[in-house]
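# Examining the three-dimensional arrangement
Letter by letter, the chains look like this.
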Amino acid sequence: MVTGLRERVNARSSGASSPQSSASSPPTAELKADETPSIASYSYEGINADGAIEAGELFATSEREVVERIRRLGLRPTSVKRSKPSIFERELSIPGLGPRVKPAELAVMARQFSTMVSAGIPLIRALTVLTDQADNPVLRRTLAEMRVSVASGDSLSQAMERHPKVFDRLFVSMVRAGEVAGALDAVLVQLADALERNVAVRQKLKSAMSYPVAVLVMVVLVVAAMLIFVVPVFTGIYEDLGGTLPLPTRILVVASSVLTTRLPFVLVGGVVAGLAFRSWRSTPSGRMAIDRMKLRVPLIGPLIHKGALARIGRTLSVLIGAGVPVLETLKIASDTAGNQVVSSGLDEASEGVRRGESIASNLGRHDVFPSMVVQLVTVGEETGSLEEMLTTIGATYDNEVEAAVSGFAALIEPLLMAVIGLVVGGMVIALYLPMFRIIDLVQ
């Protein structure tokens, strides 16, 4: 299980942390470890070698740093001003409502970072370039703060660890392993590949789910429109005629009356129920119950299950290949599984490994892990090729997810059309049932 990443010496990484700090960014290289300078956005103007004016924006800790950086770009600075965020930008910084860093953006950043590290560019200079190129404001600010942390003496993994909302445990652990093995560029490439594969699988799952969700929303809107606008018209006619309405019609009339006369209470009740459900979902028992229910949903459950297994296989393979300890690897894979049922199985496997048991024997105790996964892990542990077996698991379930998505898309459309027909057609039939009695009376 010990790969080339672990056998490479730490010459490049250790040599890229101290000399680069002083060479790449003089203003921040003098910072002490206990100082925490604030990062701000500065707009600048400068004259290039042709005499033309160029303008731009940089994240830096001071105007002096901006001046030195644009001079290194070959410009003669004429104006440097600190940008003031607008009220809209301040609102975007509210926790939970602001812009987030997408995995695809992290994958691009990791690949660019790897290219610069392998080319021998110092870390601080590489972080400066990445900061200037980042389009996402959250990622741009994070990279700028990381550059200050590295200039203050932190390692790259320590700087990333300060931003858990951007870099998860998988990312930080991989970078730390790359620093220890002296193979930071190779680890960053592996991270980029893993992130891109995860994004691809998630996109396939989202594409499979988007059509059913859109159709269900449309059904709800159609039903609500009929209850609010159509059913009351028939209700007035039936009240004038008198008599007892059929049961399906009475149900529609009651639902329409509740929705039209008590709409504020219905909305408030819906909001309260949604908040209560959200609060329950955030609890361990709630997450476990919901994730268990997801796995049991026909058609959709197998997709979610296979996607989680593919993600686990890739994560474990990448971490073990980078030399991360097995216990930490299992914990990180549990955190990134995306399903609480699968995560609990990995957590119990981790406890078994801590007691000296094998990974496969613990995975085999849970039905959520198919026999193929257990057998491949067993072979990997016995032959010392666990990394390759885990890669096979990830690739196999990636292919199964892709095939399942194609089959799901072909099957779900007629099923949803049937559901729409049953719901809307059932409401129409319920509305017209009393009409047959009127026809009988007229005859």
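Rules behind the numbers
- Residues numbered from 1 in each chain as written.
- Predicted model: local features only at pLDDT ≥ 70, side-chain atom pairs only at ≥ 80, totals over all residues.
- Heavy atoms only, no water.
- Axes fitted to C-alpha atoms, helices over the stretch in contact; angles between N-to-C directions.
- Helix = DSSP H or I, 4+ residues; strand = E, 2+ residues; numbered from the N terminus.
- Parallel < 35°, antiparallel > 145°, perpendicular 65-115°, else oblique.
- Contact = heavy atoms within 4.5 Å.
- Nonpolar A, V, L, I, M, F, W, Y, C, P; charged D, E, K, R; others polar.
- Expected span 1.5 Å × (residues − 1).
- Buried < 20%, exposed > 50% of the residue type's maximum accessible area, 1.4 Å probe, protein only.
- Polar contact = N/O pair within 3.5 Å; in protein donor to acceptor, adjacent residues only side chain to side chain.
- pLDDT = per-residue confidence, 0-100.
- Lys, Arg positive; Asp, Glu negative; His and termini not counted.
- Salt bridge = Lys/Arg side-chain N within 4 Å of Asp/Glu carboxyl O.
- Core = buried A, V, L, I, M, F, W, Y, C linked by side-chain atoms within 4.5 Å.

What follows is about the packing of helix 15 (residues 284–296) against helix 18 (residues 340–354). Across the interface, helix 15 lies against helix 18 with an axial gap of 7 Å and an inter-helix angle of 110°. It follows from the interaxial angle that helix 15 and helix 18 lie roughly perpendicular. On the side of helix 15, the interface is formed by Arg287, Met288, Asp291, Arg292 and Leu295, while helix 18 contributes Gln340, Val341 and Ser344. Residue classes in the contact of helix 15 with helix 18 are distributed as 3 nonpolar, 2 polar and 3 charged.

In this structure, Met160 sits in helix 10 (residues 156–161). The sequence separation of Met160 and Val175 amounts to 15 residues, and the corresponding C-alpha distance is 8.8 Å. With sequence-adjacent residues up to four places away left out, Met160 is seen in contact with Met146, Phe167, Phe171, Val172 and Val175.

Counted at 1.5 Å a residue, the expected span for helix 11 (residues 169–181) with its 13 residues is 18 Å, and the 18 Å between its end C-alpha atoms agrees. Every buried residue of helix 11 is listed here: Leu170, Phe171, Val172, Ser173, Met174, Val175, Ala177, Gly178, Glu179 and Ala181. Where helix 11 begins, the side chain of Asp168 points an oxygen toward the backbone nitrogen of Phe171, at a separation of 2.9 Å. After helix 11 finishes, the residue Gly182 shows a positive phi value of roughly 70°.

So, about helix 18. Over its 15 residues, helix 18 runs 21 Å from end to end, which matches the ideal 21 Å to within 8%, given 1.5 Å per residue. Residues Val341, Val342, Ser343, Gly345, Leu346, Ala349, Ser350, Gly352 and Val353 constitute the buried set of helix 18. Buried positions along helix 18 lie against helix 15, helix 16 (300–321), helix 17 (326–335) and helix 19 (359–363). Looking at where helix 18 begins, the residue whose side-chain oxygen comes 3.0 Å from the main-chain nitrogen of Val341 is Asn339.

Summing up the model confidence of the chain, the mean pLDDT is 78 and the portion of residues at 70 or higher is 83%. Within the model, pLDDT remains below 50 along residues 1–37, and this stretch shows 71 contacts once partners closer than five positions in the same chain are excluded.

Positionally, His366 belongs in the loop between helix 19 and helix 20 (371–383). Residue classification places His366 among the buried residues on the basis of a relative accessible area of 17%. Residues in contact with His366, not counting those within four places in the same chain, are Gly345 and Glu348.

The next thing to look at is the side chain of Arg311. In this structure, Arg311 sits in helix 16. As a buried residue without a salt bridge, Arg311 has its nearest oppositely charged side chain in Asp398, at a separation of 8.1 Å. At a separation of 2.5 Å, a polar atom in the side chain of Arg311 contacts the main-chain carbonyl oxygen of Ala337. Contact partners of Arg311, with chain neighbours within four places excluded, come to Asn198, Arg202, Thr336, Ala337 and Gly338.

As for its position among the elements, Ala200 is in helix 12 (residues 184–241). In the structure, Ala200 is positioned 202 residues away from Glu402 in sequence and 9.7 Å away in space, judged by C-alpha atoms.

The next subject is the environment of Met174. Mapped onto the elements, Met174 comes out in helix 11. You can call Met174 buried: its relative accessible area is 0%. Residues Met174 and Gly321, 147 residues apart in the sequence, show an inter-C-alpha distance of 9.7 Å. Met174 has contacts with Val187, Gln190, Leu191, Val318, Leu319 and Ala322, leaving out every residue within four places of it along the chain.

Let us look at the nonpolar core. Formed by 43 residues in total, the largest nonpolar core has its most connected members in Leu106, Met109, Phe113, Leu156, Phe167 and Phe171. Listing elements by their share of this core, those giving two or more residues are helix 7 (103–118), helix 8 (123–133), helix 9 (137–151), helix 10, helix 11, helix 12 and helix 16. Grouped together as the second largest cluster of nonpolar side chains are 29 residues, Ile320, Leu346, Val373 and Leu386 included.

What follows is about the pattern of salt bridges. Scanning all chains against the criterion turns up 13 salt bridges. In this structure, Glu400 and Lys306 form a salt bridge, with 3.5 Å as the shortest nitrogen-oxygen distance. Taken together, the residues Glu400 in helix 21 (residues 386–442) and Lys306 in helix 16 connect sequence positions 94 residues apart. Using a relative accessible area of 29% as the deciding quantity, one classes Glu400 as partly exposed. You can call Lys306 partly exposed: its relative accessible area is 24%. Here the residues in one salt-bridge network are Arg111, Asp193 and Glu196, joined through shared partners.

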